[in-house]
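The residues making up each chain are set out below.
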Amino acid sequence: SQQGEEDPQALSIQEGENATMNCSYKTSINNLQWYRQNSGRGLVHLILIRSNEREKHSGRLRVTLDTSKKSSSLLITASRAADTASYFCATNMDSNYQLIWGAGTKLIIKP
Amino acid sequence: DAGITQSPRYKITETGRQVTLMCHQTWSHSYMFWYRQDLGHGLRLIYYSAAADITDKGEVPDGYVVSRSKTENFPLTLESATRSQTSVYFCASRGQGLSGNTIYFGEGSWLTVV
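Please read these numbers as outputs of a predicted model, since none were measured by experiment. (Residues numbered from 1 in each chain as written. Chains lettered and ligands numbered in written order. Predicted model: local features only at pLDDT ≥ 70, side-chain atom pairs only at ≥ 80, totals over all residues. Heavy atoms only, no water.)

Caption draft 1: Broad picture of the sheet that holds strand E3 (residues 19–25) of chain B. Residue and element names in this part refer to chain B. One open sheet holds the four strands; their spatial order is E1-E3-E8-E7, and the pairing between them is antiparallel. Strands with a single pairing partner mark the edges of an open sheet, and in this sheet they are strand E1 (4–7) and strand E7 (64–66). Between one strand and the next, the sheet's axes are offset by a mean angle of 20°, whatever the strand orientation. Sheet topology places E3 next to strand E8 (residues 76–78); three bridges connect them, and they run antiparallel. Residue pairing for E8: Leu21 is matched across the bridge by Leu76. (Pairing = 2+ DSSP bridges. Helix = DSSP H or I, 4+ residues; strand = E, 2+ residues; numbered from the N terminus. Axes fitted to C-alpha atoms, helices over the stretch in contact; angles between N-to-C directions.)

Caption draft 2: Representation of the pattern of salt bridges within the structure. Scanning all chains against the criterion turns up seven salt bridges over all chains. For the salt bridge of Arg60(A) with Asp83(A), the shortest nitrogen-to-oxygen distance reads 2.9 Å. One end of the pair, Arg60(A), is in the loop between strand E6 (55–58) and strand E7 (61–66); the other, Asp83(A), is in the loop between strand E8 (71–76) and strand E9 (85–92), with 23 residues separating them in the sequence. Classification of Arg60(A) by relative accessible area gives partly exposed; the value is 23%. On the basis of relative accessible area, Asp83(A) is assigned to the buried category, the value being 9%. Residues Asp38(B) and Arg36(B) are paired through a salt bridge, measuring 2.8 Å at the closest nitrogen-oxygen approach. With relative accessibility at 14%, the residue Asp38(B) sits in the buried group. Taken together, the salt bridges that share partners define one network made up of Arg36(B), Asp38(B) and Arg44(B). (Salt bridge = Lys/Arg side-chain N within 4 Å of Asp/Glu carboxyl O. Buried < 20%, exposed > 50% of the residue type's maximum accessible area, 1.4 Å probe, protein only.)

Caption draft 3: Fine view of the interface of chain B and chain A. Listed as interface residues are 22 residues of chain B and, on the opposing side, 23 residues of chain A. Buried area between chain B and chain A, summed over both chains or domains, comes out near 1,700 Å², and the portion from carbon and sulfur atoms is 50%. Between the two partners, chain B and chain A, sit one salt bridge. Where Glu107(B) meets Arg41(A), a salt bridge forms, and the shortest distance between an N and an O atom there is 2.2 Å. Inspection of the chain B/chain A interface yields four residue pairs in polar contact (both at pLDDT 80 or more). Mapped onto the side of chain B that touches chain A, the elements with two or more residues apiece are strand E4 (31–38), strand E5 (42–51) and strand E9 (87–94) of chain B. (Contact = heavy atoms within 4.5 Å. Buried area = accessible area lost by both parts, 1.4 Å probe. Polar contact = N/O pair within 3.5 Å; in protein donor to acceptor, adjacent residues only side chain to side chain.)

Caption draft 4: Structural context of the sheet that holds E6(A). All names here are of chain A. An order of E1-E3-E8-E7-E6 is seen for the five strands of this open sheet, with the pairing classed as antiparallel. Both outer strands of the open sheet, strand E1 (5–7) and E6, are each paired with one neighbouring strand and no more. Neighbouring strand axes in the sheet, compared pairwise and without regard to direction, differ in orientation by 20° on average. As defined by bridge partners, strand E3 (residues 19–24) adjoins E8 across six bridges and the pair is classed as antiparallel.

Caption draft 5: Structural view of the side chain of Thr13(B). All names here are of chain B. Counting through the fold element by element, Thr13 comes out in strand E2 (residues 10–13). Here Thr13 falls in the buried class, since its relative accessible area comes to 5%. When neighbours within four sequence positions are excluded, Thr13 is seen to be in contact with Val19, Ala81, Leu111, Thr112, Val113 and Val114.

Caption draft 6: Here's a closer look at the layout of surface pockets. Computed from the structure, the largest pocket encloses a volume of approximately 670 Å³. The wall of the largest pocket is formed by 28 residues, among which Ser86(A), Phe88(A), Ala103(A), Gln37(B) and Leu39(B) lie closest to the centre. Listed by contribution, the elements that provide at least two residues to the lining of the largest pocket are E1, E9 and strand E11 (105–110) of chain A together with E4 and E9 of chain B. In terms of residues, the lining of the largest pocket owes the most to one element, E11(A), which gives four residues. Residues belonging to the lining of the largest pocket are distributed by class as follows: ten nonpolar, 13 polar and five charged. (1 Å grid on protein atoms, 1.4 Å probe; cavity = no way out; pocket = protein on both sides within 12 Å on 5 of 7 lines; lining within 4 Å. Points joined across faces, edges and corners; volume = space filled by probe spheres on them. Nonpolar A, V, L, I, M, F, W, Y, C, P; charged D, E, K, R; others polar.)

Caption draft 7: How the structure looks around the environment of Gln96(B). All names here are of chain B. Within the secondary structure, Gln96 sits in the loop between E9 and strand E10 (104–105). Sequence-wise, Gln96 and Tyr47 are 49 residues apart; in three dimensions their C-alpha atoms are separated by 18 Å. Ignoring any residue separated from it by four or fewer positions in sequence, one finds Gln96 in contact with Ser30 and Tyr31.

Caption draft 8: View of the confidence of the model for chain A. Scored by pLDDT, chain A has a mean of 91; 93% of the residues are at 70 or more. Mean pLDDT values for the elements of chain A range from 82 in E1(A) up to 98 in E7(A). (pLDDT = per-residue confidence, 0-100.)

Here's what the structure looks like:
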């Protein structure tokens, strides 16, 4: 079953522009995480936001969480070609092991 | 640091054959996971392990077997491979407590069943 659903499925922007991806989920969560996957590689953790947090920053990344709407957004500012990748959100419903993954947003940064 | 390594990275096998994908991590993480990634499905959990000798089924366990005799190793076996098991397989691990919120992934094993 898929808890998180990313939107859009694909996004193509010019280098230097900002990229925004959204994730919606269905049930209450403990935390929500964003991961990046470069083509042909494994996933890499980007940022985690807890259910009691509303916004978090890490370098050029800004994540927001709206638990009332059961949604999160990932903003990448001043995009670079190296940001080209697929981005996945994953939700953790409690303190156990399990993450529920969305199908991802494919981001293409055009030079 | 070596981190988490998977082997083989690429494998082509025939229907009905047994295939084992290996996973090794150097962090002594308690939890280890096997996921498969298929277009349109995101990541789906096959099996996980909370510690050595403790394993449990995930979302899509049918056709797979795992073992965890040592903390650092978590092999995944396809007992009789089927074409529907053609996929990319990712091994992952995490620690415990607050530091365990982040999952670390291997580079993936591309399996084609013909």
